[in-house]
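The primary structure of each chain is shown beneath.
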Number of protein chains: 2
Amino acid sequence: MATLQDITVAAALNILSAFIFFVAFAILRLQPFNDRVYFPKWYLKGLRTDPIHGGAFVRKFVNLDWRSYVRFLNWMPAALRMPELELIDHAGLDSVVYLRIYLIGLKIFVPIAFLAWAVLVPVNWTSTGLEAGLNNITSSDIDKLSISNVHSRSQRFWAHIVVAYAFTFWTCFVLLKEYEQVAAMRLQFLAAEKRRPDQFTVLVKNIPPDPDESVSELVEHFFLVNHPDNYLTHQVVYNANKLAKLVKKRKKLKNWLVYYQNKLERTSERPQIKTGCFGLCGDKVDAIDHHNTEIDKLTKEIALERDKVTNDPKSIMPAAFVSFKTRWGAAVCAQTQQTRNPTMWLTEWAPEPRDVYWSNLSIPYVSITVRRLIMAVAFFFLTFFFMIPIAIVQSLASIDGIRKVAPWLKPLIDIRFIKSFIQGFLPGIALKLFLIFLPTILMMMSKFEGFGSISSLERRAASRYYLFSFVNIFLGNILTGSAFEQLDSFIHQPANQYPITIGTAIPLKASFFITYIMVDGWAGIAAEVLMLKPLIIYHLKNFFLVKTEKDREEAMDAGSIGFNTGEPRIQLYILLGLVYAAVTPSVLPFIIIFFGLAYVVFRHQIINVYNQEYESGAAFWPDVHLRVVIALIVSQIVLMGLLTTKKAASSTPFLIALPILTIWFHLYCKGRFESAFVKYPLQEAVMKDTLERATEPNLNLKAYLQNAYVHPVLKDSIDDEDDEEANSHKWETESVTVPTKRQSRRNTPLPSRMSGASSSPSLPDAIRHQQEP
Amino acid sequence: MATLQDITVAAALNILSAFIFFVAFAILRLQPFNDRVYFPKWYLKGLRTDPIHGGAFVRKFVNLDWRSYVRFLNWMPAALRMPELELIDHAGLDSVVYLRIYLIGLKIFVPIAFLAWAVLVPVNWTSTGLEAGLNNITSSDIDKLSISNVHSRSQRFWAHIVVAYAFTFWTCFVLLKEYEQVAAMRLQFLAAEKRRPDQFTVLVKNIPPDPDESVSELVEHFFLVNHPDNYLTHQVVYNANKLAKLVKKRKKLKNWLVYYQNKLERTSERPQIKTGCFGLCGDKVDAIDHHNTEIDKLTKEIALERDKVTNDPKSIMPAAFVSFKTRWGAAVCAQTQQTRNPTMWLTEWAPEPRDVYWSNLSIPYVSITVRRLIMAVAFFFLTFFFMIPIAIVQSLASIDGIRKVAPWLKPLIDIRFIKSFIQGFLPGIALKLFLIFLPTILMMMSKFEGFGSISSLERRAASRYYLFSFVNIFLGNILTGSAFEQLDSFIHQPANQYPITIGTAIPLKASFFITYIMVDGWAGIAAEVLMLKPLIIYHLKNFFLVKTEKDREEAMDAGSIGFNTGEPRIQLYILLGLVYAAVTPSVLPFIIIFFGLAYVVFRHQIINVYNQEYESGAAFWPDVHLRVVIALIVSQIVLMGLLTTKKAASSTPFLIALPILTIWFHLYCKGRFESAFVKYPLQEAVMKDTLERATEPNLNLKAYLQNAYVHPVLKDSIDDEDDEEANSHKWETESVTVPTKRQSRRNTPLPSRMSGASSSPSLPDAIRHQQEP
């Protein structure tokens, strides 16, 4: 077990590395040639342009203003300055509510830490359980602060029980207030002034085939009959997956064309390539001509495919977006069952147009239930048996494995450097690669399950990721052996032994988790803000591909929050915090620092970097709430097990009440708030409709909704990619950055590009800078 | 363990006792003076009158026609003759679907029994596991048919596994078909031609208080705004609990008055009573005068209270029945959320007027969640710890206990007869009494939880009763010790030990459960048809209270199906059947006989006796389905445990797939059918509305709905009980026995009252009989 000194050294090292990351970030972000990497959000919104036009040549690339380096941590307060309402306008509700998860961490753990250090630390510290007891285990200073230091059968455990109650009530209180707040924010956001197509539209899936009518006619007749006063229009869904693939391919070819053209300009030599097997064999041809002809060929193919998609009735999927005259009509249709057979004419709120996951819209009901079953089984095996294939790979990647499989590599392996590389590095890489690809695997699993919107895909992947980390990071590090061995040992244990098994191991692992929080949490957050990968890729692209302003725009990779990986990671820290709060309070400060740091960093990233892919209106909150409640229950069970091993058996009845109350609290919250995330109250809809009718009596809603839900590749009738892009971009600007007249807008803290003094002067400042020659 | 002979003797005894019950029933039901006990349903429907008018005096009471006694089992085919559609008209959908539960038992177990006897019995019989193995346990012939007779590690277990798959698939197939059928029946029933108030009405609960408006105004304004095109009218709910109590008290006094008047007529002596403490002390007064004055006093009080209820705004509860112009409007309102706060303005389908449980309509949301928590905890203790108070009572009721508590009874106790009575009978009575009151206790728990309709109260009580019998009858008889001891031993066992513990004990208990099925099942069913309790009570009432035709009508106690006790009992037999199907197939014939017998008896009772209290449209089916699925999963787990003890470990993976597939099947069915029991499809509503508009363009719906949902005691404005009764009766006839024009009606098998030859001649026959002088 680590001593206090060990922890101090580790903390110092990690603080240092995090500090180096931050300094690197502070320097890099001030360089004008990195501007598009660190402030892409502002470019995407059209509120910032390249700092190319004026100044000396050097100044275009390097910031020479020494004053800006002095105040290099200024971005932190700047990130905190934008008010929440402003931020919702700027980045959407999803991002703002996502930030609140970090805030919840602070809200829960700061008071808990104070209480724990005020009550538990003195109680533990003044005990002598470790001195008196087992001398064979070397105890450290950290352990003297933990519950391990209290004698068995001590009356002092009552302090821990009372404090556990206080922790539970405080956490529930914070959760309740937060749920209330988020639900209100969501409803307010949905009822906000701006009109959005999804407020009027319902996604209809599983339309039964009809031999006499086309899908379009069928939909129209059905809704004219069953929603006679409300039906307005509808859009069928085309199966444009192949078309999308072709368009993507052409875009790639065009990139290569640009690359070769640039090469020609630089070297004045016509570049040549080979046509076969990845450019390694085949005939040599002129690269530019070759790509030009290929692109022409593809363009024709795309035109053909586009015709086919729009005219062939077979490419119409049995799904449609149905729009209504009023929000009331849409709310009614989304919440009701249409026909006897609840697996046909399924209606649900249409996701935002950006959020639609087009290829999943046509899966029939039976197929979906079968897919869910398959994925449930697959996920079980993934969680508990993923070590088996990795162990196989690792055994192959060992010296002996390679010798056996590929004997001709023997001379190479025997080189000392390569040998040590294989021994020390390769086995780790297999696991690391798996963990890197895990979110992608989980997303693919969700896609296979047939969810119809990107947000629901991410929510599903997030809950799977959470389960995976709960089993493999939390339990996996507490208990010994692989997940499968744990599963086996749990099956062979009595149920009342579970909390004891976990409870006994928990205090022993405190120092490990402290290190984990510092390495994965602190350094991870600092790496997030540095954005090394987008930085490198941007400069590579910039060097090889960028010719026009548009190309540069495309070279930017703003990224997004990544709910499916980010949220489960936060939840893991909340779980650690709650579990250790009553056991080893010394963990808490490290977690609080993580949450504080992460909050600032993510707020900065959301303001300046991330470009949200969709807006679900914080639909993920019930999941977040549920997982905190699960963490709370786990912490209570662990404490129960720990106190049992400490022979404080008379305390068990008091602790059993806690999980029961917590579950009840969850059910209460679910009944009280969850429907705000599933349904849309009619009263709100009526209010909004009435207001709109009064303010815009002549609104042509049909025209507004006509093309809102068209597959992105079909959006423009002109067969040109550029228009397409422009078009979709236009749409985005229309729906996302519709200008509001609110006063606070004027104070948007837009980072200036020339003066590095502060990253967020007020807007007039920024305009002045732009007006400078 | 019982031998084949023991079982044969027990079976013979039980068959004999059941036969005696049936003969007694056959004789008693033919006596005219029992007519109202055995055919009350027909009296309530007004299709049968008393056989008083004609014939000799003796014939009024005793049936002297010898021919009718010869064909004494004729009621059985007669009960089966009424077609299902006819039966729905006659007794409602609930009763018909309830009968289908017995049919499901037959459908599942008859093919399973054939397969088991064709495959498993030969496999078990030809094994020699019992002979070869443990000679210290005496084995019987029954055991030779069971899985116990197969050698450990035998390859013969593959037969059991294959058959278990066949059983599972067959059961799921039957369940699927049945769910489909019942859902279709329900939708057809709801969409049936007759108009019902609940089709247009929605129950609104948790109306928030408003300082400026009364509840009635508030409801009107709210729905005029939020359902502008659909709102028609509403009725507020009055808190008439006190009034109902007063009316009930007056009715009781009136009964006593009649009793004393009858006494006066018989003895010509004015009866006197004492006024204090249950008529044991106090002044002597004239009974008739006393009751007359008391009744007058109460009548005034009732009038006062009625005024108060209808005029005092405080007696209006925050709930209302809101009616809409169309079924579409009601369907929309019932399925949608009205306001931001999902705990206010809660809407749900209004239950049928008869089905409303009035006193629960005003409980606020928070209170309901707290009540649910309390009841969940209370039910846990009731299930696992109910033996503790009973053990205390039993220890008090023992000889020593009585000696200690009441030493003055010593001489009495020492009498030999009383001593043996106390020793042999009293301890059993405490348990028996508890079990008799258990359904009432469970119903009270459901009422406390705040469900708003009698049908949902009964459904809740049924699922609790099922859990209770699962733990205390199924597990309680398989394992040793009380429920609490079992719970304790389960907690201290590894999870993988559970199926083994149960699986080992299962084959040993086969003969016990066979006896249980015969005693509780066969004899219980036979006792059900004899209706001893209503028979005795009717004759007592008839002797002491009946003066007028109306009194006689009131003396009838038709009873009802009693879903809350009946359904869990059937489920217990289904559980036993599925568990023993693959283990000890000899149990199956006994279960099949139970289901066959029960089906005939309950069909007879539903046709002739039970008067359904409400009509929920088979809303209980999802519960029934779920419980059969649970039974299936339990049977699979038990088989898995059993095969593990038999060292057929390689079979486990094959068996693990079964519960997973079964759970998936349940989820599929839930998604596919459950909404038919929760929601009302809009398409159906529109079709019905359109049809109605075409056939009855001038319908005054408002008048039809105006008073549909008035508290029964407020129904008549005249302060007279008789009118009240007549009124509510009128309503019932109106809504339940509305005459249809269907052809099959003419063939209603109405039991004749004079000729006992057959209980179901055709209607013209019955009319002819009535026309006879």
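What this report covers is the structure whose coordinates are included nearby. None of these values were measured; they are calculated from a predicted model.

### Regarding the overall build of chain A
Working step 1: Within chain A, the regular secondary structure consists of 36 helices and six strands.
Working step 2: Within chain A, buried positions represent 51% of all 773 residues.
Working step 3: Expressed as a percentage of contacts within chain A between residues at least 6 apart in sequence, the contacts between residues at least 24 apart total 80%.
Working step 4: On chain A, roughly 35,200 Å² of surface is accessible, and the fraction owed to carbon and sulfur atoms is 64%.

### Here we look at the sheet that holds strand S6 (residues 346–349) of chain B
Residue and element names in this part refer to chain B.
Working step 1: Taking strand neighbours across the sheet as the criterion, the four strands line up as S2-S5-S1-S6 in an open arrangement whose pairing is antiparallel. The open sheet has two edge strands with one neighbour each: strand S2 (231–238) and S6. Strand-to-strand twist across the sheet, computed as the mean angle between neighbouring axes with direction ignored, equals 30°.
Working step 2: Taken together, the seven bridges between S2 and strand S5 (residues 316–324) define a ladder with antiparallel strand orientation. Following the sheet pairing, His 234 is matched in S5 by Val 322.
Working step 3: Packed on one face of the sheet, helix H13 (residues 215–226) meets strand S1 (201–205), S2 and S5 and runs near 150° to S2.
Working step 4: Its contacts with the sheet place helix H16 (residues 327–335) against S1, S5 and S6, and it is angled at close to 130° to S6.

### Let's talk about the pattern of salt bridges
Residues and elements named next belong to chain A.
Working step 1: The final tally for this structure, using the stated rule, is 30 salt bridges over all chains.
Working step 2: A salt bridge links Lys 107 to Glu 178, with the shortest nitrogen-to-oxygen separation between them at 3.0 Å. Taken together, the residues Lys 107 in helix H8 (residues 93–125) and Glu 178 in helix H11 (residues 157–190) connect sequence positions 71 residues apart.
Working step 3: Owing to a relative accessible area of 32%, Lys 107 belongs among the partly exposed residues under this scheme.
Working step 4: Its salt-bridge partner being Lys 177, residue Glu 180 comes within 3.6 Å of it at the nearest N-O pair. Of this pair, Glu 180 and Lys 177 both sit in helix H11, three residues apart, which is roughly one turn of that helix.
Working step 5: Overall, Lys 177 belongs to the partly exposed group, its relative accessible area being 39%.
Working step 6: Salt bridges here are not isolated pairs; linked through shared partners, they connect Glu 84, Arg 100, Lys 107 and Glu 178.

### Things to note about the interface of chain B and chain A
Working step 1: Contacts between chain B and chain A engage 49 residues on the former and 49 residues on the latter.
Working step 2: Three residues, Gln337(B), Arg340(B) and Trp664(B), lead the burial of chain B against chain A; their summed loss comes to 17% of the area buried on that side.
Working step 3: Seen at the junction of chain B and chain A, the total is zero salt bridges.
Working step 4: Here chain B and chain A share 14 residue pairs in polar contact (both at pLDDT 80 or more) between them.
Working step 5: When residues of the side of chain B that touches chain A are traced back to their parent elements, those giving at least two are helix H11 (157–190), H13, H16, helix H17 (365–385), helix H32 (652–673), helix H33 (675–678) and helix H34 (682–695) of chain B.
Working step 6: Considering every element that reaches the side of chain B that touches chain A, the biggest residue donor is H32(B), with eight residues.
Working step 7: Of the residues that constitute the side of chain B that touches chain A, the class distribution is 27 nonpolar, 18 polar and four charged.

### Description of unusual backbone geometry
All names here are of chain A.
Working step 1: Backbone geometry places Asn 206, a non-glycine residue, at a positive phi of 55°.
Working step 2: The backbone phi angle of Trp 345 is positive, close to 50°, even though this residue is not glycine.
Working step 3: Assignment of secondary structure puts Trp 345 in the loop between helix H16 (327–335) and strand S6 (346–349).
Working step 4: Since its relative accessible area comes to 7%, Trp 345 is described here as buried.

### Side note on the relation of the copies chain B and chain A
Here the second copy of the chain follows from the first by a rotation about an axis and a shift along it.
Working step 1: Least-squares fitting of chain B to chain A yields an RMSD of 0.2 Å, with the transformation described by 0.0 Å of translation along the axis and a rotation of 180°. Taken together, the turn and the small shift mark the pair as related by a two-fold rotation axis. Among all residues of chain B, the one whose C-alpha sits closest to the rotation axis is Pro494(B), at a distance of 1.6 Å.
Working step 2: Comparing interface residues between copies, 100% of those in chain B also lie at the interface in chain A; the contact surface is shared.

### Overview of the environment of Arg569(B)
Residue and element names in this part refer to chain B.
Working step 1: You can see Arg 569 is positioned in helix H29 (residues 563–581).
Working step 2: Here Arg 569 falls in the partly exposed class, since its relative accessible area comes to 30%.
Working step 3: Arg 569 sits 103 residues away from Tyr 466 along the chain, and the two C-alpha atoms are 7.5 Å apart.
Working step 4: Non-local contacts of Arg 569, meaning those with residues more than four positions away in its chain, are made with Asp 520 and Gly 524.

Rules used throughout
Residues numbered from 1 in each chain as written. Chains lettered and ligands numbered in written order. Predicted model: local features only at pLDDT ≥ 70, side-chain atom pairs only at ≥ 80, totals over all residues. Heavy atoms only, no water. Helix = DSSP H or I, 4+ residues; strand = E, 2+ residues; numbered from the N terminus. Buried < 20%, exposed > 50% of the residue type's maximum accessible area, 1.4 Å probe, protein only. Contact = heavy atoms within 4.5 Å. Areas by Shrake-Rupley, 256 points an atom, 1.4 Å probe, with all protein chains shown as cover. Pairing = 2+ DSSP bridges. Axes fitted to C-alpha atoms, helices over the stretch in contact; angles between N-to-C directions. Salt bridge = Lys/Arg side-chain N within 4 Å of Asp/Glu carboxyl O. Buried area = accessible area lost by both parts, 1.4 Å probe. Polar contact = N/O pair within 3.5 Å; in protein donor to acceptor, adjacent residues only side chain to side chain. Nonpolar A, V, L, I, M, F, W, Y, C, P; charged D, E, K, R; others polar. Least-squares fit on C-alpha atoms with pLDDT ≥ 70 in both.

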